[in-house]
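# Structural overview
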Amino acid sequence: MRIGVIGAGVVGALIARELCRYDVEVHLFEREADVAFGVSKANSGVIHGCFHEQPGTARARFCVEGNAMYATLAQELDFPFLRIGAHVVAFDADDVATLKRLKEQGEQIGVPDLAIISGEELRAREPYVSPDAQAALWSPTVGIVEPWDVAIAAVENARDNGLNLHLGTEVTGIVLDGERVTGVQTSQGDYRLDAVVNAAGLYADRVARMAGVDRPVLHPRRGEYLLLDKQAGKMANSVLFPAPTNNSKGILVLPTVDGNILLGPTADDLPELTPDAIATSPTGLAAAVAGAKRLVPAVDPRLTIKTFAGVRPEPAGGEFVIGPTEVSGFYQAAGMRSPGLTAAPAVAHHLVEEIAAAFALGRNEAFDPVRHGLPRFSALSPRDRAALIEKDPSYGRIVCRCNEVTEGEIVAAIRRGARTVDGIKFRTRAGFGRCQGGFCTARILSILARELGVRPEDVTARGRGDSIVVGRVRP
């Protein structure tokens, strides 16, 4: 039995890992050069409380279930997860009415411990929040992660359990025998498969059409963000939401797991066929700053160390598209708009249970759910640092001074699969600090070239000809 998963973002990675719990040959196809280089790389990283979701929807069901799964998932896969809670801030009577509606809605779908607090209590918890805030909805189960951490950890664990990973491999066709899937055509050759799961993010509509399936219908929605220096790290202790609009949860102010402050996202609906439109704009960034300053007036955009934009798939009707299709063996986990990151573990579990039942799959008794992350030198005690350096002197050579990332960590990341500068960044945080790689990129590039046995000009930022240097200027 051979099953293919298309898309190595958070959803596809977790589905591939769940499939590895069964006695089946699993193939994960990703068009990009690395895991989580698509939708998952530019996400708010919020594990939502789910009170925004309407009762009776798949989004509500899988959001609540997924939120509850994250603590165990983070423990098994060894990625940072902080359950810091969230406040939805009300500025007037209409907003207060919205808080009451969100609280009732959340309680209907099983969100625990929601409470409405006064503006005074909010400011005692969040001293920098606007003095105009009148009340807030408190949701203690909200958490934060780095989305790429989840995907990378899931794929590493799946590979340890037998996954066949195909990076830089674009699926160009679904092979059918009548109304039954028999394989895929890719940019790297053809693969015979008994079932296929479409978790292709922004491209899930195109993959569905390859199989003759007319759902989902997607359009791209861009969100722009500003990442502030750790110097701004006290501006928010929890995830701060405004009262939501009809098409968005609004512009947030939130801490990251690394101690920075993130502002955004905006919500800009784009024309069809523009899923790669990830450039930021002065208008979009100004809107993100204005939205953030309404919540926290002291937010200072001069502390910005990076701006970026992500494009997410917005399905027609707003609902996830999950489950089997009219084509035998063709399954979908598509239209995974917010709260897709939160829902992903539950969606993966549900979908794989359906596949296992349909094909009478037996359990993989050797499956090991535990993955150990890379050593994080900056988080170690002086004694543990000394022990690591004694064992491997490369851990004594700092490459990224902003985040104290060592050569040993970078080499370890390469040995786990990093092949690009961004691949190193996502696995180690090298280049994620205040200088944004201004001082360490050249050194990282040299280490990649040395370890991979290639020329420096062959090392890319993120694959697909995205070169950093074009050649040597000296012998």
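So, here's what we can say about the structure. (Residues numbered from 1 in each chain as written. Predicted model: local features only at pLDDT ≥ 70, side-chain atom pairs only at ≥ 80, totals over all residues. Heavy atoms only, no water.)

### A closer look at the overall build of the protein
Quick reminder of the rule: Per the convention used, a helix needs a DSSP run of H or I reaching at least four residues, while a strand needs a run of E reaching at least two, with both numbered from the N terminus. Exposure categories follow from relative accessible area, calculated using a 1.4 Å probe and restricted to protein chains: below 20% of the type maximum is buried, above 50% is exposed, and the middle band is partly exposed. Contacts: residue pairs with any heavy atoms within 4.5 Å of one another. The accessible surface values rely on the Shrake-Rupley method and a 1.4 Å probe; as for residues, cover is taken only from the protein chains in view. Just so you know, the count uses Lys and Arg for positive and Asp and Glu for negative, and it drops His and the chain ends. Every charge is mapped onto a representative atom, which is NZ of Lys, CZ of Arg, CG of Asp or CD of Glu.
If you tally the helices and strands in the protein, you get twelve helices and 22 strands. Referenced to the eigenvectors of the C-alpha coordinate spread, the extents of the protein come out at roughly 60 × 60 × 45 Å. In the protein, which comprises 475 residues, the proportion classed as buried is 56%. Put simply, 71% of the contacts in the protein that link residues at least 6 apart link residues at least 24 apart. Total accessible area on the protein stands at roughly 19,800 Å², and carbon and sulfur atoms take up 49% of it. In the protein, 52 side chains carry a positive charge and 57 a negative one; their mean positions are 6 Å apart.

### Digging into the packing of aromatic side chains
Note the cut-off: In this scheme Phe, Tyr and Trp rings, the latter by its six-membered ring, pair at centre separations within 6.5 Å, and the angle between planes marks the pair as stacked below 30 degrees, edge-to-face above 60, and tilted otherwise. Definition used: whenever NZ (Lys) or CZ (Arg) falls within 6 Å of the ring centre and also within 35 degrees of the ring normal, the charge is taken to sit over that ring.
Overall, the coordinates contain nine aromatic pairs when judged by the stated rule. Measuring from ring centre to ring centre gives 5.7 Å for Phe37 and Phe426, while their planes differ by 70°; the resulting arrangement is edge-to-face. One end of the pair, Phe37, is in the loop between β2 (25-29) and β3 (46-47); the other, Phe426, is in helix α11 (residues 421-428), and 389 residues separate them in sequence. The two residues Phe37 and Phe426 agree in class, both being buried. The interplanar angle of 40° and the centroid separation of 5.9 Å between the aromatic rings of Tyr70 and Phe81 together place this pair among those described as tilted. Placement of Tyr70 in helix α2 (residues 58-77) and of Phe81 in the loop between α2 and β4 (86-90) is noted, with a sequence separation of eleven residues between them. A single burial state applies to Tyr70 and to Phe81, both of which are buried. In textbook terms, an aromatic cluster arises when at least three aromatic residues are bridged by ring pairs, as seen for Phe37, Trp148, Phe426 and Phe432. Between Arg31 and the ring centre of Tyr203, over which it is positioned, the NZ or CZ distance is 4.3 Å. Of note, Lys425 hangs over the ring of Phe432, and the distance from its end group to the ring centre comes to 5.4 Å.

### Considerations on the sheet that holds strand β9 (residues 171-177)
For clarity, the cut-off: Two strands form a pair only when DSSP identifies at least two bridges running between them. Here, axes are lines fitted to C-alpha atoms. For helices the fit covers the stretch in contact, and angles between N-to-C directions go from 0 to 180 degrees.
In spatial order, the strands read β9-β10-β11; together these three strands make up an open sheet with antiparallel pairing. The open sheet has two edge strands, β9 and β11 (189-192), and neither has a second partner. On average, each strand axis in the sheet is inclined to that of its neighbour by 25°, with strand direction left out of account. In this structure, β9 lies alongside strand β10 (residues 180-186), joined through six bridges in antiparallel fashion. Residue Leu176 lies in a different strand from β10, and its bridge partner there is Val181.

### A word on the nonpolar core
We apply this condition: As used in this record, nonpolar core signifies buried Ala, Val, Leu, Ile, Met, Phe, Trp, Tyr and Cys residues forming a set joined through side-chain atoms within 4.5 Å.
Of all hydrophobic cores here, the largest spans 57 residues; its most connected members are Ile15, Tyr70 and Phe79. At the level of elements, β1 (2-6), α1 (10-19), β2, α2, α5 (147-160), β12 (195-198), β20 (330-334) and α8 (340-359) are the ones that each hand at least two residues to this core. By residue number, the principal contributor to this core is α8, which donates ten residues. Apart from the residues lying within four places of it in its own chain, the contact partners of Phe79 are Tyr70, Leu73, Ala74, Val145, Asp149, Val150 and Ala153. Membership of the second largest hydrophobic core comes to 28 residues, among which are Leu99, Tyr225, Val257 and Leu262.

### A closer look at the packing of α1 against α8
Condition: To sort the angles, those under 35 degrees are grouped as roughly parallel, those over 145 as roughly antiparallel, those from 65 to 115 as roughly perpendicular, and the leftovers as oblique. By definition, turning the near helix anticlockwise from the far helix through less than a right angle yields a left-handed crossing, and turning it clockwise yields a right-handed one.
Packing of α1 against α8 brings their axes to within 8 Å, and their N-to-C directions diverge by 40°. The pairing of α1 with α8 is recorded here as oblique in orientation. The interaxial crossing formed by α1 with α8 has right-handed handedness. Facing Val10, Val11, Leu14, Ile15, Glu18 and Leu19 of α1, the residues of α8 in contact are Leu341, Ala344, Pro345, Ala348, His349, Leu351, Val352 and Ile355.

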